[in-house]
Amino acid sequence: MYLSNPEQRQDAQRWFEDLRDRICAAFETIEDDHAGPGAERPPGRFVRTPWNRDGGGGGVMALMRDGRVFEKVGVNVSTVMGEFSDTFRHQVPGAADDPSFWASGISLVAHPRSPRVPTVHMNTRHIATTRSWFGGGADLTPMQDDAAAVAMFHKAFQECCDRHDPEFHHRFRDWCDRYFYLPHRGEPRGAGGIFYDTLERDFARDLSFSRDVGQTFLDIYPAIVRRRMDEPWSDEERQHQLVRRGRYVEFNLIHDRGTLFGLRTGGNIEAILMSLPPLAAWPGPE
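Residues numbered from 1 in each chain as written. Predicted model: local features only at pLDDT ≥ 70, side-chain atom pairs only at ≥ 80, totals over all residues. Heavy atoms only, no water.

Asker: I keep staring at the packing of helix H1 (residues 6-33) against helix H4 (residues 203-228) and nothing clicks. Help me out?
Answerer: Two measures define how a pair of helices packs: the angle their axes make with one another and the distance between the axes. Taken N-terminus to C-terminus, the directions of H1 and H4 make an angle of 5°; their axes are 11 Å apart at the nearest point. In this view, H1 runs roughly parallel relative to H4, as classed from their interaxial angle. (Axes fitted to C-alpha atoms, helices over the stretch in contact; angles between N-to-C directions. Helix = DSSP H or I, 4+ residues; strand = E, 2+ residues; numbered from the N terminus. Parallel < 35°, antiparallel > 145°, perpendicular 65-115°, else oblique.)

Asker: Can you walk me through the sheet that holds strand E2 (residues 57-65) in this structure?
Answerer: In a beta sheet, neighbouring strands pair by backbone hydrogen bonds and run either parallel or antiparallel. Reading across from one edge, E1-E2-E3-E4-E5-E6-E9 is the order of the 7 strands in this open sheet, with antiparallel pairing throughout. With one partner strand each, in any of the chains shown, strand E1 (47-52) and strand E9 (192-199) form the two edges of the open sheet. In this sheet, neighbouring strand axes are inclined to one another by 10° on average, regardless of whether the strands run parallel or antiparallel. Looking at chain direction, strand E6 (residues 132-141) and E9 are connected through 6 bridges and run antiparallel. Bridged to Gly137 within E9 is Phe195. Contacts from H1 reach E1, E2, strand E3 (70-83), strand E4 (100-112), strand E5 (119-128) and E6, with the element oriented near 10° to E4. (Pairing = 2+ DSSP bridges. Contact = heavy atoms within 4.5 Å.)

Asker: Honestly, the side chain of Asp139 in this entry has me stumped. Any pointers?
Answerer: Within the secondary structure, Asp139 is located in strand E6. A distance of 2.8 Å separates the side chain of Asp139 from the side chain of His121, its partner in a polar contact. A distance of 2.8 Å separates polar atoms of two side chains, one belonging to Asp139 and the other to Arg189. If near-sequence neighbours (up to four positions away) are discounted, Asp139 is found in contact with Thr119, Val120, His121, Phe153, Cys176, Phe180, Arg189, Gly192 and Gly193. (Polar contact = N/O pair within 3.5 Å; in protein donor to acceptor, adjacent residues only side chain to side chain.)

Asker: I keep staring at the side chain of Asp146 and nothing clicks. Help me out?
Answerer: When you line up the elements, Asp146 lands in the loop between E6 and helix H2 (147-162). The residues touching Asp146, leaving out its near neighbours within four places in the chain, are Arg116, Arg227 and Arg228.

Asker: For this particular structure, what's the right way to read unusual backbone geometry?
Answerer: Keep in mind that most residues, glycine aside, have a negative phi and that most peptide bonds are trans. Even without being a glycine, Asp66 presents a positive backbone phi close to 55°. With respect to the element layout, Asp66 can be found in the loop between E2 and E3. Assessed through its relative accessible area of 47%, Asp66 is described here as partly exposed. A positive phi angle, near 45°, is found at Thr198, a position not held by glycine. Along the chain, Thr198 falls in strand E9. (Buried < 20%, exposed > 50% of the residue type's maximum accessible area, 1.4 Å probe, protein only.)

Asker: I'm lost on the pairing of E5 in this one. Help?
Answerer: When a strand is regular, its side chains alternate between the sheet's two faces. Summarising burial for E5: 10 of the 10 residues are buried, a large majority. Across the two faces of E5 the burial is the same, with Thr119, His121, Asn123, Arg125 and Ile127 and Val120, Met122, Thr124, His126 and Ala128 all buried. Two strands pair when backbone bridges link them, and E4 and E5 are joined in this way by 9 bridges, in the antiparallel orientation. By the bridge assignment for E5, Val109 is matched with His121. Here E4 folds back onto E5 in antiparallel fashion, the turn holding 6 residues. The pairing of E5 with E6 spans 10 bridges and is classified as antiparallel. Counterpart to Arg125 in the pairing with E6 is Gly135. Following E5, the chain reverses through 3 residues before pairing antiparallel with E6.

Worth remembering: the numbers are spatial, not functional.
Encoded structure:
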């Protein structure tokens, strides 16, 4: 257990912002290179919207809508500080006796237009109360069976974890499978990945791992997108994609702790809910 100092927190914030910039640049290059269905559209571009939080801090929401490849993708960075509410402080490590907190992080969700390109989520964050820790992860949600993409994703994050601790991958992959699960449906949200929280060995080691998680995402996900982004798809594939997106909405609104954290700490509502797809479907009983 440790408590990060202001200089260390600034280092973490700068990394989140740098990663955001490089992800946005990579995704815009994908938009430029697309030559499949929808190539007649203008290539998508991120619009950045800064916001301030009552009580301290704020962030920048980078959002791309209606692109050639990405129907909607948000890459948000926020740095907020203040005090947790009386009801929420007891749910956060180190905040029961002192509700003061500082938190910075990056959060990304990409909803591709093609049903053949998986949806993805990634986030990393640093939080300080009377304790400090890192958390985050990345998980892939194919809209149809794509064993090759799933294998690529898991291999990349296993190699990432193994560079830091041989026990990380098994532990964090299992954590991801348990976390991204819809108990009311009895099914996982997607194909998994890694998920970790309250990582508090020491600041330098934990930041190094979280940086590697972000870099691994930047290395592997654009490669997965490019595999199939130019392929045509059918109306049936599109409808199936919309139904699977409905499951994504259910998880994020009912179970996701990051959504609850943002709402309970006075975050920007649009930034918090940017993870929701632009279109989804609930077909009802057969």
